[in-house]
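# Observations on the model geometry
In case you want the letters, here they are:
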Amino acid sequence: MLTDKFGRHISYLRLAVTDRCNLRCQYCMPAHGIDIVDRAELLTYKEMYRIIRVLSELGVNKVRLTGGEPFVRKNFINFLESLSFNDKLKQVNITTNGASISKYIPKLEELRVNAINLSLDTLRSDRFKLITRRDVFDETFQTLEKLLLSSLTLKVNVVVQPGVNTDEISDFINLTKNKNLVVRFIEEMPFNGKGLRQTDEIWNYNKIYSEIEKEFKNIIPLKNKKSSTSKNFTIENYKGSFGIIPAFTRSICNDCNRIRITATGMFKNCLFDEGVFNLRDFIRKGANDDELKQLFINTVHNKPENGFIAEANRKNKNVSESMSTIGG
Ligand code: SAM
Ligand code: SF4
């Protein structure tokens, strides 16, 4: 089993299946995109399948597929199909920008996909274009509507961006009134290819909550699942719920059960570390399953206590790599 020296048990993998993306969100990457790596440097699906199989034998039972945009990688659906044969996995979830996926929804229902996290930072078409630098609001909103009609659990991720979309927080909460979805407000982090953005305001967990409190008087806290990334609430008599993810203030590290693997196979114990081991090279040099297992056990043992320590341990102190390469 994978347990770190603080007694945290690791059961959740976030895997970036690609570093490529069809959008260019301001808070994630520069307008010209990131320097994508050669295809040969990306983990192959076979390698990803093997890594997940080995990790699932060590107790990982939940996988989130992310990126980059997972659906832009060719044959992603076939990969999902192969994962459906791993019966040690209790949940396979996907984070997507939803811009080109509505046609796949019936297939996702058929496969073992449990939940979709759809990234949508605005309900206004013109603003969407500004944030993502692409004009595909209608397609993305259509995905949201189709997901609501499907059997998949839907969470909408909203990165709270000072001066850009903070005036829409209430609109997003109102979306939960009659719709069975969870809206999650995420603190913006400096993972955008440049580092911390200049802004006069800091919209952290407390500020986001107090903004909501101004408008909604009947907020009911929900019982948080252990290791949940968000603190969750609902408004009395609303069908859906909302959460706030303290991604940057990092107050959720005590119960962390997560590891990450980037599209090039870098193993990350924490979002804020700079990658602690290159799995791809280890596998390509011929490592067998037992060697791979031992590597996971030893590496996880050294998971830093929290995101601040992980950041302090970095050689490159500038926390600025794009979220698209890390796998959000
Ligand atoms: N392309 C997919 C998407 O956008 O959903 C998956 C990858 S994206 C990197 C995963 C999540 O990270 C998205 O919800 C996105 O909003 C979030 N994200 C990206 N950059 C971020 C940043 N600088 N701060 C906070 N969240 C960020
Ligand atoms: Fe692409 Fe997702 Fe990054 Fe936006 S947040 S640029 S959709 S990877």
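Because the structure is predicted, anything quoted here is derived from the model rather than measured.

About the thresholds
- Residues numbered from 1 in each chain as written.
- Chains lettered and ligands numbered in written order.
- Predicted model: local features only at pLDDT ≥ 70, side-chain atom pairs only at ≥ 80, totals over all residues.
- Heavy atoms only, no water.
- Near = heavy atom within 4 Å.
- Nonpolar A, V, L, I, M, F, W, Y, C, P; charged D, E, K, R; others polar.
- Polar contact = N/O pair within 3.5 Å; in protein donor to acceptor, adjacent residues only side chain to side chain.
- Salt bridge = Lys/Arg side-chain N within 4 Å of Asp/Glu carboxyl O.
- Helix = DSSP H or I, 4+ residues; strand = E, 2+ residues; numbered from the N terminus.
- Buried < 20%, exposed > 50% of the residue type's maximum accessible area, 1.4 Å probe, protein only.

The next subject is the site of ligand 2. All residues adjacent to ligand 2 are Cys21, Leu23, Cys25, Tyr27, Cys28, Met29, Gly68, Asn97 and Ser324. Residues of the shell around ligand 2, tallied by class, amount to six nonpolar, three polar and no charged.

In this section: the site of ligand 1. The environment of ligand 1 is made up of 18 residues, and the closest members are Tyr27, Gly68, Thr96, Ser119 and Met189. Interatomic distance of 2.9 Å between a backbone N/O atom of Met189 and a nitrogen atom of ligand 1. A distance of 3.4 Å separates a nitrogen atom of ligand 1 from a polar backbone atom of Phe191. Residues belonging to the shell around ligand 1 are distributed by class as follows: six nonpolar, nine polar and three charged.

Time to look at the pattern of salt bridges. Tallying each qualifying case throughout the model produces 18 salt bridges. With its nearest N and O atoms 2.7 Å apart, the salt bridge here joins Arg127 to Glu168. In this pair, Arg127 is assigned in helix 4 (residues 125-132) and Glu168 in the loop between strand 5 (153-160) and helix 6 (169-175), connecting sequence segments 41 residues apart. The burial state of Arg127 is the same as that of Glu168; both residues are buried. Each of Arg50, Arg53, Glu57, Asp289 and Lys293 takes part in salt bridges that share partners, so that together they form one network.

By themselves these figures say nothing about function.
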